[in-house]
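Listed below, chain by chain, are the residues.
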Amino acid sequence: MLAGATAIWILVVGLSVFVTVVKPGRFSERAGVHLIVWGGCVFPTVVLGALLWYGLALMPGFRAPADEGPRIAISGERFWWRVNYGVDGTPGVAKSLPRGGTESANELWLPVGKRTEILLGSPDVIHSFWVPSIAGKTDTIPGRVNRIVLEPTREGVFNGVCAEFCGEAHAQMGFRVIVASQADFDARIAAEAAPAAVTSGPGYDAFMANGCAGCHTVRGTEAAGRVGPDLTHVAARATIGAGLLPMTTENLALFIHSTGHVKPGVEMPAFSALPKTELDAIAAWLGDLP
Ligand code: CUA
């Protein structure tokens with residue numbers, strides 16, 4: 001683009017200098033009309049047409065299926081991200097995203113140097129999946145599935161956000177992308193697929209007794225709610241509440257106790273009436289689920 005624009009700029013400026021300085025008054029009105037028709041209409045049409053053709057021909061490559069990378073379904077939800085690794089099946093328009101993989105939330109692991117196919121959907125309102133360091137924004141739209149293919153080229157941790165206003169907690173809908181080696185990626189996904197490390201005890205009992213399982217799944221236990229984030233390996237994530245607070249047992253207790261205070265607009269009700277022993281037991285148990 002720079003080379004082409006430079007050549008055209010030199011041509012136009014050169015012609016101007018030629019007709020006004022080098023040979024002033026030597027060109028007829030007819031020559032001017034020819035210049036406008038050929039230089040102003042035909043030439044740009046041909047050049048831009050060729051560039052359009054070239055650009056369209058490149059597009060299937062950008063959207064080609066992932067060759068060796070995983071297939072991941074991501075659902076933008078008020079106000080967090082459902083991440084599902086290893087889904088299969090073709091998603092239908094107006095259907096929800098395919099399931100069947102391993103579910104997690106608010107953290108997306110990607111293998112470096114692999115074309116990874118991501119299917120984006122939403123059950124509620126339009127959100128927008130955006131990791132500025134890796135790819136442009138793509139909306140998650142209720143009733144349809146958008147598809148992007150990413151190929152991260154270097155390892156690291158990158159921040160993502162929701163880039164479409166979706167409600168009160170829109171600004172607290174962040175996530176992290178961890179680009180890792182294939183071996184580290186495989187190890188993380190295997191760990192995500194495993195059932196919870198601790199499946200009994202006072203924290204688990206309090207979790208079940210207070211209805212947490214109505215919304216949250218902890219695989220390996222009776223908790224199988226589908227509304228909120230999967231908590232099977234919640235302690236392995238770096239943050240709580242979609243990028244809001246660092247992952248510590250104290251912050252887990254704070255989030256459960258003062259949910260709407262730390263994250264205004266959140267869909268989860270605050271459990272501020274919970275006795276402190278039960279609150280601390282739940283937080284300790286969740287903090288024990290790497
Ligand atoms: Cu989700 Cu903004």
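The structure this text deals with has already been given above.
Calculation rules
- The residue count restarts for each chain, going from 1 along the sequence in the order it is written.
- Predicted model: local features are reported for residues with pLDDT of at least 70 only, side-chain atom pairs are reported and counted for 80 or more only, and whole-chain, interface and lining totals are derived from all residues.
- Note: side-chain values were computed over all heavy atoms of the structure, leaving out hydrogens and water.
- Any carboxyl oxygen of Asp or Glu within 4 Å of a side-chain nitrogen of Lys or Arg constitutes a salt bridge here.
- Helix and strand labels come from DSSP, where a helix needs a run of H or I of at least four residues and a strand needs a run of E of at least two; each type is numbered from the N terminus.
- Throughout this description, buried means an accessible area under 20% of the type-specific maximum (1.4 Å probe, protein chains only), exposed means over 50%, and partly exposed covers the range between.
- Two strands qualify as a pair provided that DSSP identifies no fewer than 2 bridges between them.
- Every patch collects residues that have over 30% relative accessible area and no salt bridge, joining them within 9 Å if they carry like charges and within 5 Å if they are nonpolar side chains (Val, Leu, Ile, Met, Phe, Trp, Tyr).
- Note that accessible areas follow from Shrake-Rupley with a 1.4 Å probe, and for residues the cover is restricted to the protein chains shown.
- A cavity here means a set of points on a 1 Å grid, drawn over the protein atoms and nothing else, where a 1.4 Å probe fits but cannot get out; a pocket is an open set with protein on both sides within 12 Å along at least five of seven lines, and a residue lines either one if it has an atom within 4 Å of a point.
- Grid points are joined across faces, edges and corners, and a volume is the space filled by probe spheres set on the points.
- Segmentation of the chain into domains, including their bounds, is taken from an automatic or database domain assignment.
- Each residue is assigned to one of three groups, with Ala, Val, Leu, Ile, Met, Phe, Trp, Tyr, Cys and Pro labelled nonpolar, Asp, Glu, Lys and Arg labelled charged, and all others, Gly among them, labelled polar.
- In plain words, nonpolar cores are sets of buried Ala, Val, Leu, Ile, Met, Phe, Trp, Tyr and Cys residues tied together by side-chain atoms within 4.5 Å.
- We call two residues in contact when some of their heavy atoms are within 4.5 Å.

**Remarks on the pattern of salt bridges**
Link 1 in the chain: The tally for this structure, following the rule as stated, stands at ten salt bridges.
Link 2 in the chain: Taking the shortest distance from any N to any O, the salt bridge between Glu 117 and Arg 71 comes out at 3.6 Å. Taken together, the residues span a long stretch of sequence, with Glu 117 in strand β5 (residues 116-121) and Arg 71 in strand β1 (residues 71-77) at a distance of 46 residues.
Link 3 in the chain: Given a relative accessible area of 8%, Glu 117 falls into the buried group.
Link 4 in the chain: As a salt-bridge pair, Arg 78 and Glu 267 come within 3.7 Å of each other at their nearest N and O atoms. Linking Arg 78 in the loop between β1 and β2 (80-85) with Glu 267 in the loop between α6 (259-262) and α7 (276-286), this pair joins segments that are 189 residues apart in sequence.
Link 5 in the chain: Using a relative accessible area of 53% as the deciding quantity, one classes Glu 267 as exposed.
Link 6 in the chain: One network of salt bridges, in which partners are shared, links Glu 77, Arg 82, Glu 103 and Arg 226.

**A closer look at the pairing of strand β10 (residues 175-180)**
Every regular strand shows the same layout, with side chains that alternate between the two sheet faces.
Link 1 in the chain: With five of its six residues buried, β10 lies for the most part within the structure.
Link 2 in the chain: In this structure, strand β4 (residues 107-111) lies alongside β10, joined through five bridges in parallel fashion. The residue of β10 that forms the bridge with Pro 111 is Ala 180.
Link 3 in the chain: Relative to β10, strand β9 (residues 156-162) runs antiparallel, the two being bridged by five bridges.

**Thoughts on a nonpolar patch on the surface**
Link 1 in the chain: Taken together, the side chains of Trp 9, Ile 10, Val 13, Val 17, Phe 18, Val 19, Val 21, Val 22 and Phe 27 make up a nonpolar region of the molecular surface, amounting to roughly 830 Å² of accessible area.
Link 2 in the chain: Within the secondary structure, Val 21 sits in helix α1 (residues 2-22).
Link 3 in the chain: For Val 21, a relative accessible area of 58% translates into the label exposed.

**So, the layout of surface pockets**
Link 1 in the chain: Counted as a void, the largest pocket has a volume near 670 Å³.
Link 2 in the chain: Lining the largest pocket are 34 residues; nearest its centre among them are His 216, Gly 228, Pro 229, Phe 255 and Met 268.
Link 3 in the chain: Contributions of two or more residues to the lining of the largest pocket are made by β11 (239-240), α5 (249-257) and α7.
Link 4 in the chain: The leading source of residues in the lining of the largest pocket is α5, at three residues.
Link 5 in the chain: Residues lining the lining of the largest pocket come from more than one domain, with at least three contributed by each of domain 2 (71-185) and domain 3 (202-287).
Link 6 in the chain: Estimates place the volume of the second largest pocket at around 320 Å³.
Link 7 in the chain: Leu 11, Val 12, Leu 15, Leu 35 and Gly 39 are, among the 14 residues lining the second largest pocket, the residues nearest its centre.
Link 8 in the chain: Broken down by secondary-structure element, the contributors of at least two residues to the lining of the second largest pocket are α1 and α2 (29-62).
Link 9 in the chain: Residue classes in the lining of the second largest pocket are distributed as nine nonpolar, five polar and no charged.

**Some thoughts on the nonpolar core**
Link 1 in the chain: In terms of nonpolar packing, the biggest core is built from 27 residues, with Ile 74, Leu 108, Ile 118 and Phe 129 touching the most fellow members.
Link 2 in the chain: The element that contributes the greatest number of residues to this core is β10, accounting for five residues.
Link 3 in the chain: Excluding its chain neighbours within four sequence positions, the residues that come into contact with Ile 118 are Ile 72, Ile 74, Leu 108, Leu 110, Asn 146, Arg 147, Ile 148 and Leu 150.
Link 4 in the chain: In this structure, Tyr 204, Val 262, Ile 282 and Ala 283 belong to the second largest nonpolar core, which totals 26 residues.

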